[in-house]
Amino acid sequence: MKRFYTLPLSEYSGNRISFKVNIMLDMIQRLDWRLRINVEPNPKLSELSRKFGVRSEVGLILYGEQPETILFFPNNVEKNRELRIFLQEFDAIESSGVWTVRLKNSRDETFIRLIYGLLEIPSVVLSGFSLLEGLYYIDFIFNSVDLPGVSKTLSDNLKNDSSEILIDYLGRSNGVNEMLQIVNSRTPLSLFEIDMTPPAEEMKPEKNPMGDKWFRILKTPFGSINVEGLYFVDSEPVFNGGVVEIIKRSMYRTTTKNSFLRSINDRINKSRVVSVLAFQNFNAGSFKVFFVVPTVFKKRFFNILLDVMEQEKDWSPKISQIANITEASL
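Since the model is a prediction, treat every value here as computed from it, not as a measurement.

Visitor: Explain the environment of Pro41 here, please?
Guide: Following the sequence through the fold, Pro41 ends up in the loop between strand 1 (33-39) and helix 2 (43-52). The class of Pro41 is buried, set by a relative accessible area of 8%. Residues Pro41 and Tyr231 lie 190 residues apart in sequence; the distance between their C-alpha atoms is 32 Å. If we ignore the near neighbours within four places in the chain, the residues touching Pro41 are Ser46, Leu131, Gly134, Leu135 and Tyr136.

Following this line, the structure appears as structure tokens:
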């Protein structure tokens, strides 16, 4: 690897996030290690970010023939002709005062190839992706049992690397609350909760392999066709097909299908809405779905939910919470 350095987190400030009940997020503390890499994106995009102070959370779509990144700029650029021209070079679209940019990436780009490699490791979750001061900062959390795999993947991808990928941090994680606090300090976040009862078809073991009680975080919070999840449980799977054991009776990885989540993902991809975190809880037939999105997309995401709820009536969905992340209850 080329070089290592650490970017201190003390530069971020903001309201502290303290969920009233955080039993579910406590489960994520089993992901006790964190990796952060940074890399310069497209040179023009990097110049845009540095010159105009543009910051953005980034949505990453990995499926399909060509990976894509989606960025948003909640800036008023009407009076800045130079910035407006710059944005139009990137197929930027303006809606409700928010510019969104969709960029295609090559699978051969080192940082894309590295992301694919890391997400192949069972417990690795993409927990943050942002553009700051002309650089992409990409965060992952994982369980310490996968530290050898993470180290090998970094070495294999970076030992002969001529790009500017840098390891910003590799070490103990202070949990997802800290990650949300850091993001919220620069980009206000909102949490949506949808409660529903899955149709009987969704309860078959091959579609619900982890039984009647589990918590799941998606390995990528955005842009997935199927549900690729990391499950936290206190029992063994009821169906072992395609299930990877990470820690017995504690943590598993598997991929399932879910028409409700698929419909939401289809809509947010088309609408260029970025999701920062996505997780679900299932307990004795009650299914709770949580999305954390930048607050600038609150109205757009709410409209998406209304459309999907109308389309997926057999799930009996209802929106039970919309709140700024500092006020949310879990």
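Having seen it, we continue.
Visitor: Could you clarify how one ought to interpret the sheet that holds strand 9 (residues 189-196) in this entry?
Guide: Sheets are built from strands that pair by backbone hydrogen bonding, the pairs being arranged parallel or antiparallel. In spatial order, the strands read 12-13-11-10-14-15-9-16; together these 8 strands make up an open sheet with antiparallel pairing. Edge strands, defined here as strands with exactly one partner in the open sheet, are strand 12 (244-247) and strand 16 (318-324). Along the sheet, successive strands turn relative to each other by an average axial angle of 20°, direction set aside. Sheet topology places strand 11 (residues 227-232) next to strand 13 (residues 251-256); 6 bridges connect them, and they run antiparallel. By the bridge assignment, Tyr231 is partnered in strand 13 with Tyr252.

Visitor: Is there a simple way to think about the nonpolar core in this case?
Guide: Formed by 40 residues in total, the largest nonpolar core has its most connected members in Phe73, Tyr136 and Phe140. No other element matches helix 4 (residues 110-119), which puts 6 residues into this core. If we ignore the near neighbours within four places in the chain, the residues touching Phe73 are Leu45, Leu48, Val54, Arg55, Ser56, Leu87, Gly97, Val98, Trp99, Val101 and Leu131. Among the nonpolar cores identified, the runner-up in size contains 35 residues, and Phe222, Phe287, Ile304 and Trp315 belong to it.

Visitor: How do you make sense of the pairing of strand 15 (residues 286-294) when you look at a structure like this?
Guide: Successive side chains on a regular strand alternate, one facing one side of the sheet and the next facing the other. Counting buried positions along strand 15 yields 7 of 9 residues, so the element is predominantly enclosed. In terms of strand pairing, strand 9 meets strand 15 through 8 bridges, oriented antiparallel. Directly across from Met196, in strand 15, lies its bridge partner Phe287. Where strand 14 (residues 277-283) meets strand 15, 7 bridges bridge the pair, whose relative direction is antiparallel. Bridging from a neighbouring strand, Gln280 pairs with Val289 of strand 15. Linking strand 14 to strand 15, which pair antiparallel, is a turn of 2 residues; within it Ala284 sits at a positive phi near 50°.

Visitor: What is the right way to look at helix 4 in this model?
Guide: Residues that lie three or four places apart on an α-helix share one face, since the helix turns once every 3.6 residues. Within helix 4, 7 of the 10 residues are buried, which leaves it mostly tucked inside the rest of the structure. Restricting attention to buried positions, one finds in helix 4 the residues Thr110, Phe111, Ile112, Leu114, Ile115, Leu118 and Leu119.

Visitor: Help me out: how do you make sense of the sheet that holds strand 6 (residues 125-132) in this one?
Guide: Taking strand neighbours across the sheet as the criterion, the 8 strands line up as 4-5-3-2-6-7-1-8 in an open arrangement whose pairing is antiparallel. Whereas interior strands pair on both sides, the edge strands pair on one side only; in this sheet they are strand 4 (93-95) and strand 8 (166-172). Averaged over all neighbouring strand pairs, the angle between strand axes comes to 25°, with direction disregarded. Sheet analysis places strand 3 (residues 68-73) next to strand 5 (residues 98-104), joined by 6 bridges and oriented antiparallel. Within the sheet, the bridge partner assigned to Phe72 lies in strand 5 and is Thr100.

Visitor: Explain the packing of helix 2 against helix 3 (residues 81-88) to me, please; I cannot follow it from the model alone.
Guide: How two helices sit against one another is set out by the angle between their axes and by the gap between those axes. The interhelical angle for the contact between helix 2 and helix 3, taken along N-to-C directions, is 155°, at an axis separation of 11 Å. Between helix 2 and helix 3, the angle falls in the class roughly antiparallel. Two packed elements cross with a definite hand, and for helix 2 against helix 3 that hand is left-handed. Every residue of helix 3 that contacts helix 2 at Lys44, Glu47, Leu48, Lys51 and Phe52 is listed here: Glu82, Leu83, Phe86 and Leu87.

Scoring rules and cut-offs
- Residues numbered from 1 in each chain as written.
- Predicted model: local features only at pLDDT ≥ 70, side-chain atom pairs only at ≥ 80, totals over all residues.
- Heavy atoms only, no water.
- Helix = DSSP H or I, 4+ residues; strand = E, 2+ residues; numbered from the N terminus.
- Buried < 20%, exposed > 50% of the residue type's maximum accessible area, 1.4 Å probe, protein only.
- Contact = heavy atoms within 4.5 Å.
- Pairing = 2+ DSSP bridges.
- Axes fitted to C-alpha atoms, helices over the stretch in contact; angles between N-to-C directions.
- Core = buried A, V, L, I, M, F, W, Y, C linked by side-chain atoms within 4.5 Å.
- Parallel < 35°, antiparallel > 145°, perpendicular 65-115°, else oblique.
- Left-handed = near helix turned anticlockwise from the far one by under 90°.

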